[in-house]
Amino acid sequence: MEIQIDSAADQSILTALREGKRRQAGQLLVRYYGNLVFNVCRTLVPTLEEAEDLTQASFTRAFSDLGGIQGSMTPRIWLMNVAQACCASHLESAAGAEELPLPSARQRPPDQRVAPAPARDAGLLAVTSASLAIPHERFRLANGLDVILHHDERLPRVVVNVLYRVGSRNDPPGRTGIAHLFEHLMFMGTKRVPEGQLDLLMEELGGSNNAFTSEDVTVYYDHAPERGLELLLEVEADRMATLARALTRKKLDLQRDVVLNERSEHYENAPYGAVWLELPALLFPERHPYSWPVIGAREDLRAVTVADVRELFARFYSPRNACLTVAGSFDPERARALIRRCFERIPAAAPPRRPRHRPVRLAAPVRRRLVDRVELPKLFLCWPSPPSYAPGDAELDLATSILAVGRRSRLHRELVFERELAVEVAAHQESRQLGSQLLIEVTARPETPLAELERVTRRALARFLARPPGRRELEAAQVGYEVEFIGRLESLARRAELLNLYFAATGEPDHVEADLARYRRASVGSVWRACRETLARPELAIEVVPGERGAS
């Protein structure tokens, strides 16, 4: 395979190796990538001392096997793989060979963890590949259903992932939360598979299923041993074709209560949870599809009728508004035949119109003060940011890492360690199709006045915008992102989900290489420009202070 040269640094290292100058190649590795290796190690191990020791161990191992670069990899990716392997071995030894989750490189939901470095023969998505790809086949049924097959026999498992292009942005006025409520109703049974029967079938099979709703899409996913593929396909086809016929007021009331309880538990009665209920309407203009939370308003949920949910099903749960991905160990020819038998009989329907909105900008700063049953005051600063995959989206992801990921990040170092004003700092961007949001969260120490914390935070942000970030800061953020990105792809379920999400957002199921390339080609200048175009504009500030719940 032809080696893809990422930079002049890679070229010079490979030239030295071809000329037999192994010592020079080793020196160039240290010169160009010493900081990168340290940051890989610092991302994966708990302490600074361990990171320093493992950086040295990584280079020792690399120098002993410089010939390993001469394969289907760039020097930079090969060295990252060596560093990850060293860290993984160290963690296994420290835990007595127990399996440990590696620390987060960036903020993520608790069920997503960075995978240990894959072995050189680990399969389809090893880090050592010259290019990343999720091998797949795509075809379209006569009724408009898009189908993606990803064949991987490394484990005797299959994943069925069905994405519908409907999210909270499609909630009609006065019925916010209905898209998420309908997700719950999809598990209430059909005429063929009555209520409760699906869970029994999954348990007998040794499988599981679940779903999630976002602003843009609703995704249903099933996992099972490879022998369960036919059942999974039949269940999903049955739900797509007939669920509306089995909807009743009793089922709706039951799931409405479940969702209302979820709203209470995760938002109304959770520390700082009220922020996530208030934030959408403060950041986005009225009637914008993102101006309400996915969970919806309590009064709107109570108003939903059986006719409402049947109308939503008829509009959005059709083959032409869906994409089906099957991943794992299966016979492709049999899978194609099963899919056609199960799904092609479902009638086609016209796809719904997709909402279009220009990216949002606040005309002036917006401020909100919430009183909540919390122990520590907290400051939230939020800016509208570019839509997912738009120019500046990747750069702002990297900027949040520079600002608040790790002890050496700008805000963490100043607010938590040097000034001792905060106990925690976090920053992340929530990328979405019609416009994203970049959020900085700072939790104050008990003795710190929130006004002082905000003043120091804003001053640190002003310095950040006054001059470009350092090259090493950017490299550390890029490495941290790439380590997490590649690690996630080792999950079969995550690959199936990505194929669907990429296809829904870009029209290309395998957008992995193009997605990661956005972060690799980001420069100090492009990150700085994106920050100045976003963070220098008016923002939403929400302060949460301890007390009896209320707002002012």
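Refer to the structure printed above.
Read on for an overview of the structure. Since the model is a prediction, treat every value here as computed from it, not as a measurement. (Residues numbered from 1 in each chain as written. Predicted model: local features only at pLDDT ≥ 70, side-chain atom pairs only at ≥ 80, totals over all residues. Heavy atoms only, no water.)

**Let's talk about the packing of helix α14 (residues 410–418) against helix α15 (residues 450–466)**
Packing of α14 against α15 leaves a shortest axis separation of 11 Å and a crossing angle of 150°. Judged by the angle between their axes, α14 and α15 are roughly antiparallel. The handedness of the crossing between α14 and α15 comes out as right-handed. Two secondary-structure elements touch here, α14 through Arg410, Leu411, Glu414 and Leu415 and α15 through Leu453, Val456, Thr457, Ala460, Arg463 and Phe464. For the contact of α14 with α15, the residue count by class is six nonpolar, one polar and three charged. (Axes fitted to C-alpha atoms, helices over the stretch in contact; angles between N-to-C directions. Helix = DSSP H or I, 4+ residues; strand = E, 2+ residues; numbered from the N terminus. Parallel < 35°, antiparallel > 145°, perpendicular 65-115°, else oblique. Left-handed = near helix turned anticlockwise from the far one by under 90°. Contact = heavy atoms within 4.5 Å. Nonpolar A, V, L, I, M, F, W, Y, C, P; charged D, E, K, R; others polar.)

**A word on helix α6 (residues 197–205)**
Regarding α6, the residues found buried are Leu198, Met202 and Leu205. Angularly, the buried residues of α6 cover 65° about the axis, an arc narrow enough to put them on a single face. Residues of α6 that are exposed and point more than 90 degrees away from the buried face comprise Glu203 and Glu204. The inward-facing, buried residues of α6 contact β4 (208–213), β5 (218–225) and α7 (229–242). In the segment just after α6, Gly206 is the residue with positive phi, at about 80°. (Buried < 20%, exposed > 50% of the residue type's maximum accessible area, 1.4 Å probe, protein only. Arc of directions from axis to C-beta.)

**With respect to the environment of Glu508**
Of note, Glu508 is situated in the loop between α17 (492–506) and α18 (512–520). Distance from Glu508 to Arg138, taken between C-alpha atoms, is 9.9 Å for residues 370 residues apart in sequence. For Glu508, the residues in contact, after removing those within four places along its chain, are Tyr502 and Phe503.

**Side note on the pairing of strand β1 (residues 137–140)**
In regular strands, side chains alternate between the two faces of the sheet. As paired strands, β1 and strand β2 (residues 146–151) are joined by four bridges and run antiparallel to one another. Bridging across to β2, Arg140 finds its partner in Asp146. Counting the residues between successive antiparallel strands, the hairpin from β1 to β2 contains five residues, one of them, Gly144, with a positive phi of roughly 100°. (Pairing = 2+ DSSP bridges.)

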